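Secondary and tertiary structure notes
Each chain, written out:
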Protein chains: 2
Amino acid sequence: MGEKIVIIGGVAAGPKAACRAKRLMPDAEITVVDQDSLISYGGCGIPYFVSGDVSDEKELRSTSFHMLRDERFFREAKGVNVRTGTRAVSIDRKDKVVHVEDVNSGGRDTIRYDKLVLATGSRPNILPVPGNDLNNVFTISSMHPAMAIKDLLARGKVGKAVVIGGGAIGIEMAEALADLWGVETTILEFMPQVLPRIVDATIAGMVENHLRENGVDVITGEGAQSFKDDGNGNVCAVITPNRELEADLVIMAAGVRPRGELAADAGLQVSPFGAIVVNQRMQTSDPSIYAAGDCVETYNLVSGKKAFAPLGSVANRQGRVVADNLAGIPSTFDGVVGSFIMKVFDRCVGATGLSLEVARAEGFDAVGAMSVQSDRAHFFPTQALMFNHLVVDRSSRRVLGLQGFGNMGDGLLARINAAAGLLARKPSISDFSNLELAYAPPFSTAVDVLNAAANIADNLAAGRLRDVGAEEFNAWMEGSSEHPGWAALDLRHPKEAEPFVKAFGDKWVAMVYDQVRENYKKLPNGKTWIIICNAGTRSYEIQTFLKSQGIDNTLVLAGGLNVIRRLGVKWWPGD
Amino acid sequence: MGEKIVIIGGVAAGPKAACRAKRLMPDAEITVVDQDSLISYGGCGIPYFVSGDVSDEKELRSTSFHMLRDERFFREAKGVNVRTGTRAVSIDRKDKVVHVEDVNSGGRDTIRYDKLVLATGSRPNILPVPGNDLNNVFTISSMHPAMAIKDLLARGKVGKAVVIGGGAIGIEMAEALADLWGVETTILEFMPQVLPRIVDATIAGMVENHLRENGVDVITGEGAQSFKDDGNGNVCAVITPNRELEADLVIMAAGVRPRGELAADAGLQVSPFGAIVVNQRMQTSDPSIYAAGDCVETYNLVSGKKAFAPLGSVANRQGRVVADNLAGIPSTFDGVVGSFIMKVFDRCVGATGLSLEVARAEGFDAVGAMSVQSDRAHFFPTQALMFNHLVVDRSSRRVLGLQGFGNMGDGLLARINAAAGLLARKPSISDFSNLELAYAPPFSTAVDVLNAAANIADNLAAGRLRDVGAEEFNAWMEGSSEHPGWAALDLRHPKEAEPFVKAFGDKWVAMVYDQVRENYKKLPNGKTWIIICNAGTRSYEIQTFLKSQGIDNTLVLAGGLNVIRRLGVKWWPGD
């Protein structure tokens, strides 16, 4: 027998490292321990299990060829020993021994290792508020709460639910509850927007509006103060500073923290946040011990800062790197760019790299270019508007991030993925202008929406395009911000512009795009023109023309009214 | 008035350069000349116009906001003069004058320029065979033949058609004829496969099989010798060395050549192929003359060789670079990687970078890794198998290209685009293994099909995985190649394997994947085992195990039977 390899953790990174290590080192004796009875499940599928898309939890634990990934499977098919229900209590690094405990019997045992892999994962944050231990208050820590929630739903016990946290898991769980089970669901997000730090306010606003269109209430900028007991130990409401939200079910989806305690107790280096510190070969401060998955600290390749990236896909890639290094292959995992995508009812939202807010917080001189155009030829049946928001550093012209919103499908994925590969390599705006995205009318347009975003960013960074974002424009339209000299210059077809001119009087002037060169002198003087069309492209054209005629006090509404429409603003004239 | 800029060519590169130049230099006097009466059309949309998806040719000439891009539009909205029906006859570089001719009146004129842009495009190859001038023999050179073809179809004049050439345009035209108009259509391709040099034989085979499934006949390795006259000057058949194909309509889609004559006649540097030579700023050998689009030579960023890339998307990007440089902005167009995608009925096929065949011809020590897996979580309704074929250089571990096949949708685009951005930068296999594609169950799998392709390539390049391709395997199964020692080792579920064992006797041995570790000693000796499963992953696992037990004479069927099934082989047992 070859080396003894012990792996603590049986989901994602752990099994991946175990199985590849066994293929690379057939002589190795590999043991995976996990305190749970269920292992190697697709945790990202939990919302789809709760929704009912996945009928049986076993589907989340099966291979594509329908074998259940249980202890027997790992032993017989993979040649890997798995001990479930076995909690790692401590690591004795000097003697290279893991002390374990049988979670059912309490019996103690030791497992000797030559190499140890920590894949201890993460745990969900529990809100430190009264009532967090009531019945029917859950976190999604494993398959077990998911099964308990689904059982409650199936027994008709849930009429109203509150999901705490508007991140990806919170939104996915809200959709699962509302769409399939018809539960009256509210998302309560402490930050001023959903998906904070992942996307910027405009894209988040589109997500919030679409959630509301589908019956999910979204309350932002408000936190839970306590969970109310119905008198029988069951939750019946969530209390906030402003309201009481009835709830038969509360899901806390307020982020996760790495499980680094075992490593810290063994004297391994752990970050202030509690994540295990590893080098690019996924080696901890003890060369005999590797770590991978949600429990480790990683590196953001765009910001250059330490990062935490708890994702099943990252965990799998790190697990593979661990296996390589166990076998003497010097593979590295260099860090993450933060690629993200999710379904939200009939839409999808995605991002990679830094949001504008994060980029500015990191000290970049960042601007965001909003590109709005058809994702494919206008005659192709599935054609729909796609919103791409490209974040660039103005002075260096470096691209820092991309986020987008579109109809459900893989079109947005195609742009996020294209950006993801480049972002790790300090790309310039020109790299994105010239990015050779595959083109044919059923898939894209000759100038792809992502190329177009780069072209807009180019014009913004060079100071040729001066724009105003949807938030500021809305605040002006709603009267919550004062811009006395502002007036809208609407370039659209007269039929489109008419209801706006009627509704807003002097504030809203219409002049059709192709008549501006002839008629611009008729525009009243002394205004700051907010130039408006549907997507922003005609507006930019007119901005450059007006500038050439000495009219310099103009701003283009970024992304045009297509953006505003997706935000569900109250001031939109009836049409 | 500022500089006089003259642009020859009114489709794609020309209008793009004109409009951006005008925005950058509002004072410039910009004139576009084109010999055609119709300009600025989306040529890539022609198959969709012929099919009827696009009912009116005007749709291909309209903006997204429904304005027709005609002379009036360019003048009033863009401030650009357009002279249609005006052929550029010659360029007098000394006096900076273009001699033009009115194609209707024959009247001559001259246009003075400070800067000249050549966007003269390409022309389709005409087969040098007797009858190529018969009625109803077309090339797709502009909107006019497309309108003539559609007219023939609408008048019920076309029962049978032959499309010469199995490239993208040929396949798109065949689909348009067969799918929407019910025309009996045959594609005749001189090379041994469709999409030659773009994808390799296996992926091409999937395309051919799917075309046949949809009623389009595909004949490869056979050329047209002549077109037959029905006695009235109309084509009635295509004659090949082996057969006579009846045809009321013949479309020659046998590639295009650059229109470089005007440049060559003016003494500008032109490639042996006839393409205008430009530097990275799209400047010809005369610094006052730029060129862009189908008429120029470009550079393949993967092979490092000169290339010809006649695509509307490339033309638009080059047109923008021309405009920048006209305005003194030092933008560059560095070359192409060859990104490609197309719809084929219910499937799509795409590629970027080099195919295996081309890579080997270019001198690379190339191998191809075939990855076959679900494009998203198995429980998501639109889930389907996707085939990704990654081409890598074995010794340097550099990734050279990717091609794929999948269900119609943007899933394949998402992988092609992800690869495209990286390919220009000499990426390694590890770059693709760790490529951070966005992940969520409705969009992808934790180990994305593209990451998986890189992992397979890693194992191939390292010599850990030894495989056999579908072509060689099929030849053996069909008896056209002799491998006396070969036998299939089928790891699938007994129910899947049974019909094959029955059909092929000793040639086909079944042993379920998870029982090999226990039972491998029962396998007969002296065989070369072709290890078979559905996707190739189980086979690789067993190959490594058998090797560890001293059984080294094994080959994995690359991509498994999922590949074979898509090729529509004759030997497949009835199921």
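What you see is a predicted model, and the numbers here were worked out from it, not measured in a lab. (Residues numbered from 1 in each chain as written. Chains lettered and ligands numbered in written order. Predicted model: local features only at pLDDT ≥ 70, side-chain atom pairs only at ≥ 80, totals over all residues.)

**Overview of the overall build of chain A**
Tallying secondary structure elements over chain A gives 17 helices and 30 strands in all. For chain A, the spread of C-alpha atoms along the principal axes amounts to about 90 × 60 × 45 Å. When each of the 575 residues of chain A is scored for burial, the buried share is 57%. (Helix = DSSP H or I, 4+ residues; strand = E, 2+ residues; numbered from the N terminus. Buried ≥ 20, exposed ≤ 12 C-beta atoms within 10 Å, placed from the backbone.)

**Re the sheet that holds strand β3 (residues 81-83) of chain A**
Residues and elements named next belong to chain A. The strand order across the open sheet formed by five strands is β3-β2-β1-β7-β18, and the pairing between neighbours is parallel. Lying at the two open borders of the sheet, with one neighbouring strand each, are β3 and β18 (289-291). Across this sheet, the average inter-strand angle for adjacent strands is 20 degrees, counted without regard to direction. The sheet contact formed by strand β1 (residues 4-8) and strand β2 (residues 29-33) spans five bridges and is parallel. (Pairing = 2+ DSSP bridges. Axes fitted to C-alpha atoms, helices over the stretch in contact; angles between N-to-C directions.)

**Section: the pairing of strand β7 (residues 115-118) of chain B**
All names here are of chain B. Alternating positions in β7 separate into two faces, K115 and V117 on one and L116 and L118 on the other, with burial throughout. With four bridges connecting them, strand β1 (residues 4-8) and β7 associate as parallel partners. Looking across to β7, one finds that I8 is bridged to L118.

**Describing the interface of chain B and chain A**
The interface of chain B with chain A comprises 76 residues on the first partner and 76 residues on the second. Sort the elements by how many residues they give to the side of chain B that touches chain A and helix α10 (residues 411-423) of chain B lands first, with nine residues. Residues of the side of chain B that touches chain A, tallied by class, amount to 36 nonpolar, 26 polar and 14 charged. (Contact = placed C-beta atoms within 7 Å. Nonpolar A, V, L, I, M, F, W, Y, C, P; charged D, E, K, R; others polar.)

**Brief notes about the packing of helix α1 (residues 13-24) of chain B against helix α8 (residues 312-326) of chain B**
Residues and elements named next belong to chain B. Running from N to C, α1 and α8 cross one another at 35 degrees; their axes reach a closest spacing of 7 Å. Like other packed secondary-structure pairs, α1 and α8 cross with a definite hand, here right-handed. Counted together, A13, G14, K16, A17, R20, A21 and L24 of α1 and A315, N316, Q318, G319, R320, V322, A323 and L326 of α8 form the full contact between these two elements. Grouping the amino acids of the contact of α1 with α8 by side-chain chemistry returns eight nonpolar, four polar and three charged. (Left-handed = near helix turned anticlockwise from the far one by under 90°.)

**Observations concerning the relation of the copies chain B and chain A**
Under the fitted operation, chain B is carried onto chain A by 0.0 Å of movement along the axis and a turn of 180 degrees, and the coordinates agree to an RMSD of 0.0 Å. The operation mapping one copy onto its partner corresponds to a two-fold rotation axis. Of the residues that chain B buries at the interface, 100% are likewise interface residues in chain A, meaning the two copies contact each other through the same surface. (Least-squares fit on C-alpha atoms with pLDDT ≥ 70 in both.)

**Side note on the environment of A:R257**
Residues and elements named next belong to chain A. Note on placement: R257 falls in strand β17 (residues 256-258). Considered as a pair, R257 and Q225 are 32 residues apart in the sequence and their alpha carbons are 21 Å apart. Here R257 is in contact with S122, R123, N125 and G274, once residues within four sequence places are set aside.

**Side note on unusual backbone geometry**
Residues and elements named next belong to chain A. Located in the positive-phi region is R197, a residue other than glycine, with phi close to 70 degrees. Structurally, R197 is set in the loop between β11 (184-189) and α6 (201-213). Residue class for R197 comes out partly exposed when judged on the 15 C-beta atoms lying within 10 Å of it.

**Some details on the environment of A:A309**
As for its position among the elements, A:A309 is in the loop between β20 (306-307) and α8 (312-326). Beyond its immediate stretch of four places on either side in the chain, A:A309 contacts A:T298, A:V314, A:V336 and A:G338.

**Quick word on the sheet that holds strand β9 (residues 137-139) of chain B**
Residues and elements named next belong to chain B. Here we have five strands laid out as an open sheet, ordered β9-β16-β10-β11-β12, and parallel in their pairing. With one partner strand each, in any of the chains shown, β9 and β12 (217-220) form the two edges of the open sheet. If you compare each strand with its neighbour and ignore which way they point, the axes differ by 20 degrees on average. Bridging between strand β10 (residues 160-164) and strand β11 (residues 184-189) involves five bridges; their strand directions are parallel. Within the sheet, the bridge partner assigned to K160 lies in β11 and is E184. Along the sheet, helix α5 (residues 168-181) makes contact with β10, β11 and β16 (249-252), crossing β11 at roughly 170 degrees.

**Some points on the domain arrangement of chain A**
Residues and elements named next belong to chain A. Looking at chain A, the domain boundaries give domain 1 (4-41 + 51-121 + 257-326), domain 2 (137-254), domain 3 (340-461) and domain 4 (467-566). Taking only C-alpha atoms, the centre of domain 1 and the centre of domain 2 are 30 Å apart. Counting residues at the interface gives six residues for domain 1, matched by six residues for domain 2. Grouping the amino acids of the side of domain 1 that touches domain 2 by side-chain chemistry returns two nonpolar, two polar and two charged. (Domains from an automatic or database assignment.)

**Some thoughts on the nonpolar core**
Counting residues in hydrophobic clusters, the biggest one holds 401 residues, and the most contacted among them are A:V117, A:A291, B:V117 and B:A291. What A:A291 contacts, discounting residues up to four positions off in sequence, is A:V117, A:L118, A:A263, A:I276, A:V278, A:M282, A:T284 and A:V296. (Core = buried A, V, L, I, M, F, W, Y, C linked by C-beta atoms within 7 Å.)

**What about the pairing of β1(B)?**
Across the five residues that make up β1(B), a large majority, four, are buried. Between β1(B) and its parallel partner strand β2 (residues 29-33) of chain B, the chain crosses via α1(B), and the hand of that crossover is right-handed. (Right-handed = clockwise from strand over helix to strand, strands pointing away.)

**Here's the deal with α1(B)**
Over its twelve residues, α1(B) runs 16 Å from end to end, which matches the ideal 16 Å to within 8%, given 1.5 Å per residue. Counted residue by residue, α1(B) has eleven buried out of twelve residues, so it is predominantly covered. Taken as a whole, α1(B) has its buried residues at B:A13, B:G14, B:P15, B:K16, B:A17, B:A18, B:C19, B:R20, B:A21, B:K22 and B:R23. Of the surrounding secondary structure, the elements contacted by the buried residues of α1(B) are α16 (537-548) of chain A together with β1, β2, β7 and α8 of chain B. (Expected span 1.5 Å × (residues − 1).)

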